[in-house]
Amino acid sequence: MSHISRTVSLLRGCPGVRRCQTRTCSSLTAFGGDGSGLVLLSRSTDVYQNLALEDWIDANVDLQQRSILLLWRNRPAVVIGRHQNPWTECNLPVMRRAGIPLARRRSGGGTVFHDLGNLNLTFFASKKAYDRQRNLKVVTEALRTLRPELDVQATDRLDILLKGRYKISGSASRLSRKSSYHHCTLLHSADRAALATMLRPSCATIHSNATPSVPSPVANLVDHAPSLQWEELLDALADQYNSEFGFSSAATFVNPADELVFPGLSRAVTELRSWEWMFGKTPKFSIQTPLDLRDDWSSARSSGRLHMEVKNGVIESCELDIPADWLPQQLSGELSSLLVGERFCPHWTAAGVSALLRSESGELHNRLHNLCDAVVSAMG
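As the structure is a prediction and not an experimental result, all values here were calculated from the model. (Residues numbered from 1 in each chain as written. Predicted model: local features only at pLDDT ≥ 70, side-chain atom pairs only at ≥ 80, totals over all residues. Heavy atoms only, no water.)

Undergrad: Looking at this structure, how should I read the overall build of the chain?
TA: Helix and strand content of the chain: 14 helices and 16 strands. Referenced to the eigenvectors of the C-alpha coordinate spread, the extents of the chain come out at roughly 80 × 50 × 30 Å. Counting over 380 residues, the chain shows a buried share of 50%. Partitioning the contacts of the chain with sequence separation of at least 6, the portion at a separation of at least 24 is 73%. (Helix = DSSP H or I, 4+ residues; strand = E, 2+ residues; numbered from the N terminus. Buried < 20%, exposed > 50% of the residue type's maximum accessible area, 1.4 Å probe, protein only. Contact = heavy atoms within 4.5 Å.)

Shown next, in the form of structure tokens:
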């Protein structure tokens, strides 16, 4: 039987296994040896497909009967936690120019930069068997087996530190009624310069109760173990997972784009890609910032203030405090009114004010255009 056929049999139900609408309802022991563990490696490097694969497994596999370790890597992407604000966590303008996507996962925790030099590990288990420290032990013991000279320790914060200082792994998790998953990163050879560039705030003047990330100094494994290869790392992690939990599963490749194996997963990908999920799920926030106003014709300068309240990524209220001798209050009021109900998005704002800009000419057009640019810039 091919590995795809065996994976279909495993994840969707095999002969003699009763199926239900939301998850397989019987013990799945037809694959992966006599134990109840599985090691899966995703063939995809698409961040949305891999995040959707996590949720598909959580929703469709009976994790009270079978535990799973999923190993996956992504092309460059920034992934924020479920309760985070993307405008305060990452450099959205730079990401847009570089073509680096943003993704919001369903678990909590902080923001991470993914690329092909970073390995992601997801430990699926029943809620009763949820044990993040034991999962991290799999990683640290595998590293010590491969390179005994590596000084790696898991912390109470569920990070893994190298030499007691450099973060090489961070964790997040999600608990459901009966199941759980805990995922962590592992920096093998990530682009640290890109990581530092992308994980900078777009808007420094946002006030929010969203979960903030905690910056830490980071390092790659290859900085301290230059000969460490991907193949031996993956093998060691799979072996240690089997050893720690008493399983006997060989690693198996899966393709989350295959709807025969993962029916409905593409719909989850579409949701994860949507503006409504990535930005619309942001906790309510406000922005209060000074605005630098310039007149390119006369070189005159002035200043104003912007105050916005944003809920579900949409501007609920907007106040522009602009000196009347700089711009008539009617025009600044019209601009404020135009923005209410629109997405907190520089592209949408720029498009939305175009008609207002066309209604003016000369000095007023120049100053209004400058004000619109300042508002757009404040959005990141």
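Picking up where we left off.
Undergrad: Whenever I open this one, the packing of helix α11 (residues 329-339) against helix α14 (residues 362-378) confuses me. Can you help?
TA: The description of two helices packed together rests on the angle between their axes and the distance between the axes. Where α11 meets α14, the axes come as close as 11 Å, and the angle between the chain directions of the two elements is 35°. The crossing of α11 and α14 is right-handed. Packed against α11, whose contacting residues are L331, L335 and L339, the element α14 presents L364, L368, L371, C372 and V375 at the interface. Per-class residue counts for the contact of α11 with α14 are eight nonpolar, no polar and no charged. (Axes fitted to C-alpha atoms, helices over the stretch in contact; angles between N-to-C directions. Left-handed = near helix turned anticlockwise from the far one by under 90°. Nonpolar A, V, L, I, M, F, W, Y, C, P; charged D, E, K, R; others polar.)

Undergrad: How do you make sense of the pattern of salt bridges when you look at a structure like this?
TA: A side chain with one charge may pair with a side chain of the opposite charge, provided their charged atoms come close. Within the structure shown, the criterion is met by 17 salt bridges. For R301, the salt bridge is made with D292, and the minimal N-O distance between the two is 2.7 Å. The class of R301 is exposed, set by a relative accessible area of 55%. (Salt bridge = Lys/Arg side-chain N within 4 Å of Asp/Glu carboxyl O.)

Undergrad: Looking at this structure, how should I read the sheet that holds strand β10 (residues 171-175)?
TA: One key point about sheets: their strands pair by backbone hydrogen bonds, in either a parallel or an antiparallel sense. With mixed pairing, the six strands of this open sheet are ordered in space as β10-β11-β6-β2-β1-β13. Each having just a single partner strand, β10 and β13 (251-254) make up the two edges of the open sheet. Within the sheet, the average angular offset between the axes of one strand and its neighbour, ignoring direction, is 20°. Examined bridge by bridge, strand β1 (residues 37-42) and β13 share four bridges and lie parallel to one another. Across the sheet, residue L40 finds its bridge partner in β13, namely T252. Across the sheet, helix α2 (residues 47-60) is in contact with β1, β2 (67-72), β6 (118-126), β10, β11 (179-187) and β13; its angle to β2 comes to roughly 175°. (Pairing = 2+ DSSP bridges.)

Undergrad: So what exactly am I meant to see when it comes to the packing of aromatic side chains here?
TA: The geometry of an aromatic ring pair comes down to the distance between the two centres and the angle between the two planes. Under the criterion given, the structure shown has eleven aromatic pairs. Their ring planes at 55° and their centres at 5.5 Å tell us that F124 and Y181 sit as a pair that is tilted. Residue F124 is located in strand β6, and its partner Y181 is located in strand β11; the two are separated by 57 residues in the primary sequence. Summarising the burial analysis for this pair, F124 and Y181 share the class buried. Their ring planes at 85° and their centres at 5.3 Å tell us that F285 and F344 sit as a pair that is edge-to-face. (Phe/Tyr/Trp six-rings, centres within 6.5 Å; stacked < 30°, edge-to-face > 60°.)

Undergrad: What should I look at first to understand α11 in this one?
TA: Along an α-helix, residues three or four apart share an orientation, since each turn contains 3.6 residues. Within α11, burial applies to L331, S332, L335, S336 and L339. The arc enclosing the buried residues of α11, seen along the axis, measures out at 140°, which places them on a common side. The outward face of α11, more than 90 degrees from its buried face, is lined by the exposed residues Q329, Q330 and S337. Buried residues belonging to α11 abut β15 (301-311), β16 (314-321), α12 (346-352), α13 (354-358) and α14. (Arc of directions from axis to C-beta.)

Undergrad: Just checking my understanding: could you explain the environment of S208 for this structure?
TA: Mapped onto the secondary structure, S208 falls in strand β12 (residues 206-208). Overall, S208 belongs to the partly exposed group, its relative accessible area being 31%. For S208 and V310, which are 102 residues apart along the polypeptide, the C-alpha to C-alpha distance reads 9.9 Å. Every residue in contact with S208, bar those within four places of it in the chain, is listed here: N85, P283, K284 and F285. A distance of 2.9 Å separates a polar atom in the side chain of S208 from the backbone nitrogen of A210. (Polar contact = N/O pair within 3.5 Å; in protein donor to acceptor, adjacent residues only side chain to side chain.)

Undergrad: What's the story with the side chain of N74 in this structure? I'm lost.
TA: Mapped onto the elements, N74 comes out in the loop between β2 and β3 (77-80). Owing to a relative accessible area of 0%, N74 belongs among the buried residues under this scheme. Side-chain polar atoms of N74 contact the side chain of N50, separated by 2.8 Å.

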